[in-house]
Amino acid sequence: MGEEKKLFSQEMREITRTIHNKSDTMVNAKLGVTMSDDSVWAEGLLVFYEVFKFLEEALERHKDSLIGDLLIPGMQRTRAFEEDLSHYLGQEWKQDYSVRPEVENYLEHLRNLEERQPYLLVAYVYHLYMGLFSGGQILRAKKMMSLSSVSTSEGNNVTAYENTTIGSLKKQLKGAINEFAENIDRELRQEILEEGINVFKLNNTIIASVKGVDEVLRRRLLKLLIAVILLIILFLFSWGYFREEHSASQQTDKIINVEL
C-alpha cells in the first residue's frame, strides 16, 4: 500500500510547529499571569482587532473565489472584538484610537499579499482562527479565574460562540482548508505553507507591543511583598507573645516552688 496522503491542514501545523512553540513561549514570558488583568487583556484585543477585521473583510471581498468557503457562519469575530473593546475602553474608544506601527506593518503585509495573491491569506485565516478556537479558550479560562472576572461574563465575547460549538467550527474550517487545497497547484500550496511561518513572526511582533505588562507585574509584586511583610510581622508578634507567656509561666512555677 502507498503512503497515505497528508491533509493540507496537517501540513500547515507541521511546518509551523517549531516557530509555533517559540511563539507560545514568548506569549507566556511576555504576558504570563498578567493576561488576567483587564488592562492587559484589552491591549491583547486591541493589537489583534485590526488583523481579524482585515481578514474577514478580505474573505468577503473574495467570497466568489475559492477562499469564499472559508467564511464560515459563526466564525467572524470583528463585532465581538468591538464589543469587548467598548466594555474595557469605553463606548467612545474609537475616537482617540490609532493603529500602532507594529500592527500597521502587519496590515501592510496582508494588503500586499491580497494584491499579489489573495490565496496566501489562507495561512493567516487558518492559524489565527484555529489559535483563537484553542488558545483563546485557555486564556479565557485563566481570565475567568481572576478575581476581576468571576462575577461577570462581559468583555469575553471574542472567545464566546453562540449557536455553535468550537469543535464544529474547527471541523468546518479544517474541512474547508483541505478542500481548498485540492483545487490549487503544488507551487501555491508550498507558498501558503511557507507563509504560515510569517504568521507567527508577525504575531510575535504585535504581541511584543502590548503595553501595561510591566506595570501589572510591579503592582502584583508589591502586593506580594506587602503580604510577605505582614506574615513576618504576624510571626514575630506570635513568637514574642509565646515567649512572654512561656516566661510568665516559668516565673509562676518558681514562685510556687519557693512557697512550697
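Please read all numbers here as calculations on a predicted model, not as lab measurements. (Residues numbered from 1 in each chain as written. Predicted model: local features only at pLDDT ≥ 70, side-chain atom pairs only at ≥ 80, totals over all residues. Heavy atoms only, no water.)

A. Molecular detail of the nonpolar core. Ranked by size, the top nonpolar core spans 63 residues in total, and within it Leu55, Tyr124, Leu173 and Ile192 carry the most contacts. Non-local contacts of Leu173, meaning those with residues more than four positions away in its chain, are made with Leu70, Ile72, Met75, Val125, Tyr126, Tyr129, Met130 and Phe133. (Core = buried A, V, L, I, M, F, W, Y, C linked by side-chain atoms within 4.5 Å. Buried < 20%, exposed > 50% of the residue type's maximum accessible area, 1.4 Å probe, protein only. Contact = heavy atoms within 4.5 Å.)

B. Structural context of the environment of Val122. Looking at the secondary structure, you find Val122 in helix H6 (residues 122-144). Each C-alpha atom, one on Val122 and one on Phe180, is 9.3 Å from the other, the two residues being 58 residues apart in sequence. Apart from the residues lying within four places of it in its own chain, the contact partners of Val122 are Met12, Ile67, Leu70, Ile177, Phe180 and Ile192. (Helix = DSSP H or I, 4+ residues; strand = E, 2+ residues; numbered from the N terminus.)

C. How the structure looks around the confidence of the model for the protein chain. Confidence along the protein chain averages 81 in pLDDT terms, with 69% of residues attaining 70 or more. The least confident element of the protein chain is helix H9 (residues 213-259), whose mean pLDDT is 52; the most confident is helix H5 (residues 101-116), at 98. Predicted confidence is poor over residues 147-151, with pLDDT under 50, and the contacts of this stretch with residues over four places away or in other chains come to 7 contacts. Scored below 50 in pLDDT, residues 216-228 makes 10 contacts in the model with residues more than four places away or belonging to other chains. (pLDDT = per-residue confidence, 0-100.)

D. How the structure looks around helix H8 (residues 186-207). Along its 22 residues, H8 runs 32 Å from first to last C-alpha, staying within 8% of the 32 Å computed at 1.5 Å per residue. By the N-cap criterion, in which a side-chain oxygen at the helix start approaches the backbone nitrogen of a residue two or three places on, H8 is capped by Asp185, the distance to Glu187 being 3.2 Å. (Expected span 1.5 Å × (residues − 1). Polar contact = N/O pair within 3.5 Å; in protein donor to acceptor, adjacent residues only side chain to side chain.)

E. Representation of the packing of aromatic side chains. Under the counting rule described, the total for this entry stands at 8 aromatic pairs. Taking 5.6 Å as the distance between ring centres and 80° as the angle between the ring planes, the aromatic pair formed by Tyr49 and Trp93 counts as edge-to-face. Taken together, the residues Tyr49 in helix H3 (residues 38-61) and Trp93 in the loop between helix H4 (78-89) and H5 connect sequence positions 44 residues apart. Its relative accessible area of 1% is what places Tyr49 among the buried residues. Note on Trp93: relative accessible area 7%, which makes it buried. Here the aromatic cluster, defined as three or more aromatic residues joined through ring pairs, consists of Tyr49, Phe52, Phe81, Trp93, Tyr97 and Tyr129. Between the NZ or CZ atom of Arg61 and the centre of the ring of Phe54, over which it lies, the distance is 5.4 Å. (Phe/Tyr/Trp six-rings, centres within 6.5 Å; stacked < 30°, edge-to-face > 60°. Lys NZ or Arg CZ within 6 Å of the ring centre and 35° of its normal.)

F. The side chain of Glu50, seen in detail. Within the secondary structure layout, Glu50 lies in helix H3. Notably, Glu50 is buried but unbridged: the nearest opposite-charge side chain belongs to Lys53, and the N-O separation is 4.7 Å. Polar side-chain contacts of Glu50 include one of 2.9 Å to the side chain of Tyr97. With sequence-adjacent residues up to four places away left out, Glu50 is seen in contact with Tyr97, Val99, Val103 and Leu107. (Lys, Arg positive; Asp, Glu negative; His and termini not counted. Salt bridge = Lys/Arg side-chain N within 4 Å of Asp/Glu carboxyl O.)

G. Structural view of the pattern of salt bridges. One pass over the structure, following the stated rule, counts 11 salt bridges. Between Arg100 and Glu43 there is a salt bridge whose closest N-O contact spans 3.1 Å. Separated by 57 residues along the polypeptide, Arg100 in the loop between H4 and H5 and Glu43 in helix H3 bring together distant segments of the chain. When its relative accessible area of 13% is taken as the criterion, Arg100 is described as buried. Residue class for Glu43 comes out buried when judged on its relative accessible area of 13%. Via salt bridges that share partners, Glu104, Glu108 and Arg111 belong to a single interconnected network.

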